[in-house]
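So the chains spell out like this:
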Amino acid sequence: MFLTISTTGTPERPATDLGFLLHKHPDNAQTFSTSHGTAHVLYPEASAERCTAALLLEVDPVALVRRGKGKGRGGAPDTALAQYVNDRPYAASSLLAVALSSVFKSALRGACKALPERAAEPLPLRIEVPAVPARGGAALVRRLFDPLGWDTVEAEPVVLDTAFPEWGDSRYVRLVLEGELRLADALNQLYVLLPVLDDAKHYWVAPDEVDKLLRAGDGWLAEHPEQQLITSRYLARRRSLTLEAMERLELARLAESDGLEAEDLDNAVDADGITDADGTTDADGTTDADGTTDSDATTGDTAAATGTDGTTGAEGTATGKRPVSLAEQRRDAILAALRAAEATRVLDLGCGQGQLVQALLKDVRFTDIVGVDVSVRALTIAGRRLRLERLGERQAGRVKLIQGSLAYTDKRLTGYDAAVLSEVIEHLDLPRLPALEYAVFGSARPRTVLVTTPNVEYNVRWESLPAGHVRHGDHRFEWTREEFRTWAAGVAERYGYGVRFTPVGPDDPEVGPPTQMAVFTQAPNPGQDLGPTHDPNPAQAPNPTQDRNPKEDSA
């Protein structure tokens, strides 16, 4: 196996700086042991004008068979002879990729203490690999490398036998890449794409291969048009690993779009869910000061709990009846509204740990249920809660969980009867609300949309909540009833919906219910007067999208 890396330079910036970047001196030929043979690094030419580093990998076929425990390339058993006589010593594959990562480890990281500025800037590079197995041919080679910034991508098919041209081309190509890239970027691309083109690996693909792929693909894989093919082939078509990698890549893409770190975006829950000082957890795994959770095991504060006999508060407890948590009341109100709307295909937008999805799955009238969340961790917990791997074929066909951000339009969300935003909008910064509005009401356009959010006026009824505080630290705002109605009326008018409002939980005569719900229904004619379902005097209501401090709303 053979690979060369060439660059050009000037007397002021000599090409021999390549030796510093690769951490291999041009005057020395060096040898390194690998698990399947020996790697040699040498410089066929080294001058100020042009420098070429070559990596020659000598593969030991016997060691390859012994370490592979009798398995051939890709894990398929070969005949006894083919185990020793094959293309592995000559064609660039995962063996060469592993050698690259071992011999040029610092260069792949972009680390160079001697010339840090040269490591960080693009260089004029020419990379040649004489024999690359390409399952997909020259066209696939160009599809993989063209989007990566190379000026020239040559993939010349190698004929099977020059003496018999009628036999046609082999599945090997001679690869030449030319362009100005950072050396680290070029090496990482080769590390990933050589085994992808070969569509095989000589070693067992363990879960840590996902981390290796994302590390090497940082900065280019998330936006690559062939992302799915690259991920699947690199991970030896292991479905579970491919799904994990795709979810993490999507999270990285969304985080970059928002100027955030992926860890900051995927903050809905930790591995065990995030709990408050009072030990309660809300629908998305975070904590509400109201003491409610979307888990049936936890009940809310007695101020908002309702006994199973219809009594509320402490009375419900005194009668020995189990109080119904606010989360359960909210979920019941949503289910009732969906049934009234005769919805069968439902989106749970911001599904968190999947409590509502689980409730929908129990009702056979809901035939197509989709849970959407930006958090990979939340979706993982939701999958465990729903026991997706144990569901029968018919049940599994009714539900799916997908990753996505509600700040962006998504074609996957179109064509549904209803969408639910349960305790979601208050987790968004106010300037981001218009993007969510368009994504849901303007692009997805379900026939019915249900939105629930806390009523900040009710916070004075929570004994555990200090005055002036919102119910959860991640809430960017909490609205009064008037503010919520003003916002909902504006959305309905802009996107052609009617809207009515429903209290969730005990409707206090002074401060209203703990949760407020808006039920949006698509108007038959978007241009018609939507009538009394709107706030009767929205012009006099405060503007809910003003930048204000929600903690000032004490009561």
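Worth saying up front: this structure is predicted, and the values here are computed from it rather than measured.

**Quick word on helix H9 (residues 227-234)**
Argument step 1. Summarising burial for H9: 6 of the 8 residues are buried, a large majority.
Argument step 2. Inspection of H9 places Gln227, Ile230, Thr231, Ser232, Arg233 and Tyr234 among the buried residues, and these make up the whole buried set.

**Here we look at the pairing of strand S2 (residues 30-34)**
Argument step 1. As paired elements, S2 and strand S3 (residues 37-46) share 5 bridges and run antiparallel to each other. By the bridge assignment, Thr34 is partnered in S3 with Gly37.
Argument step 2. If you look at the hairpin formed by S2 and S3, you'll find 2 residues sitting between the two strands.

**What about the packing of helix H7 (residues 183-198) against helix H8 (residues 208-216)?**
Argument step 1. H8 packs onto H7 with a crossing angle of 140 degrees between their chain directions and a minimal axis gap of 9 Å. Considering their axes alone, H7 and H8 lie oblique with respect to each other. The handedness of the crossing between H7 and H8 comes out as left-handed. Contacts between H7 and H8 involve Asn188, Tyr191 and Val192 from the former and Lys212, Leu213 and Ala216 from the latter.

**Some thoughts on unusual backbone geometry**
Argument step 1. At His23, a position not held by glycine, the phi torsion is positive, near 60 degrees.
Argument step 2. Residues other than glycine seldom take positive phi values, yet Glu423 does so here, at roughly 55 degrees.
Argument step 3. Inspection of the secondary structure puts Glu423 in the loop between strand S11 (418-422) and helix H17 (433-444).

**A look at the nonpolar core**
Argument step 1. With 71 residues, the main nonpolar core has Phe104, Phe145, Trp150 and Val192 as its most contacted residues.
Argument step 2. In terms of residue count, the dominant contributor to this core is H7 (10 residues).

**Topic: the packing of aromatic side chains**
Argument step 1. Tallied over the full model, the rule gives 12 aromatic pairs.
Argument step 2. Ring geometry for Tyr458 and Trp462: centres 5.6 Å apart, planes at 70 degrees, overall edge-to-face.
Argument step 3. A relative accessible area of 3% places Tyr458 in the buried class.
Argument step 4. Feature note: the residues Phe441, Phe477, Trp479, Phe484, Trp487, Tyr495, Tyr497, Phe501 and Phe520 constitute an aromatic cluster, connected by ring pairs.
Argument step 5. Above the plane of the ring of Tyr416 lies Arg345, whose end atom (NZ or CZ) is 4.2 Å from the centre.

**Notes on a nonpolar patch on the surface**
Argument step 1. Together, Phe2, Leu42 and Leu56 give the surface a local cluster of nonpolar side chains, amounting to about 210 Å² of exposed area.
Argument step 2. Mapping Leu56 onto the fold places it in strand S4 (residues 50-59).
Argument step 3. Judged by its relative accessible area of 31%, Leu56 falls in the partly exposed class.

**As for the confidence of the model for the protein**
Argument step 1. When pLDDT is averaged across the protein, the result is 81; 76% of the residues are at 70 or more.
Argument step 2. Within the protein, the lowest mean pLDDT, 40, falls on helix H12 (residues 314-318), and the highest, 97, falls on strand S8 (residues 345-349).
Argument step 3. In the predicted structure, residues 269-303 sits below a pLDDT of 50 and forms 106 contacts with residues beyond four places in sequence or in another chain.
Argument step 4. Low pLDDT (under 50) marks residues 526-555, which in the prediction has 50 contacts with non-local residues, meaning those over four places away or in another chain.

**Some remarks on the side chain of Asp508**
Argument step 1. Relative to the helices and strands, Asp508 resides in the loop between strand S13 (497-504) and strand S14 (515-522).
Argument step 2. Reaching out from Asp508, the side chain makes a polar contact with the side chain of Arg461 at a distance of 2.9 Å.
Argument step 3. Other than its neighbours up to four places away in sequence, Asp508 contacts Tyr458, Arg461 and Pro513.

Conventions we followed
Residues numbered from 1 in each chain as written. Predicted model: local features only at pLDDT ≥ 70, side-chain atom pairs only at ≥ 80, totals over all residues. Heavy atoms only, no water. Buried < 20%, exposed > 50% of the residue type's maximum accessible area, 1.4 Å probe, protein only. Helix = DSSP H or I, 4+ residues; strand = E, 2+ residues; numbered from the N terminus. Pairing = 2+ DSSP bridges. Axes fitted to C-alpha atoms, helices over the stretch in contact; angles between N-to-C directions. Parallel < 35°, antiparallel > 145°, perpendicular 65-115°, else oblique. Left-handed = near helix turned anticlockwise from the far one by under 90°. Contact = heavy atoms within 4.5 Å. Core = buried A, V, L, I, M, F, W, Y, C linked by side-chain atoms within 4.5 Å. Phe/Tyr/Trp six-rings, centres within 6.5 Å; stacked < 30°, edge-to-face > 60°. Lys NZ or Arg CZ within 6 Å of the ring centre and 35° of its normal. Patch = residues over 30% accessible without salt bridge, like charges linked within 9 Å, V, L, I, M, F, W, Y side chains within 5 Å. Areas by Shrake-Rupley, 256 points an atom, 1.4 Å probe, with all protein chains shown as cover. Salt bridge = Lys/Arg side-chain N within 4 Å of Asp/Glu carboxyl O. pLDDT = per-residue confidence, 0-100. Polar contact = N/O pair within 3.5 Å; in protein donor to acceptor, adjacent residues only side chain to side chain.

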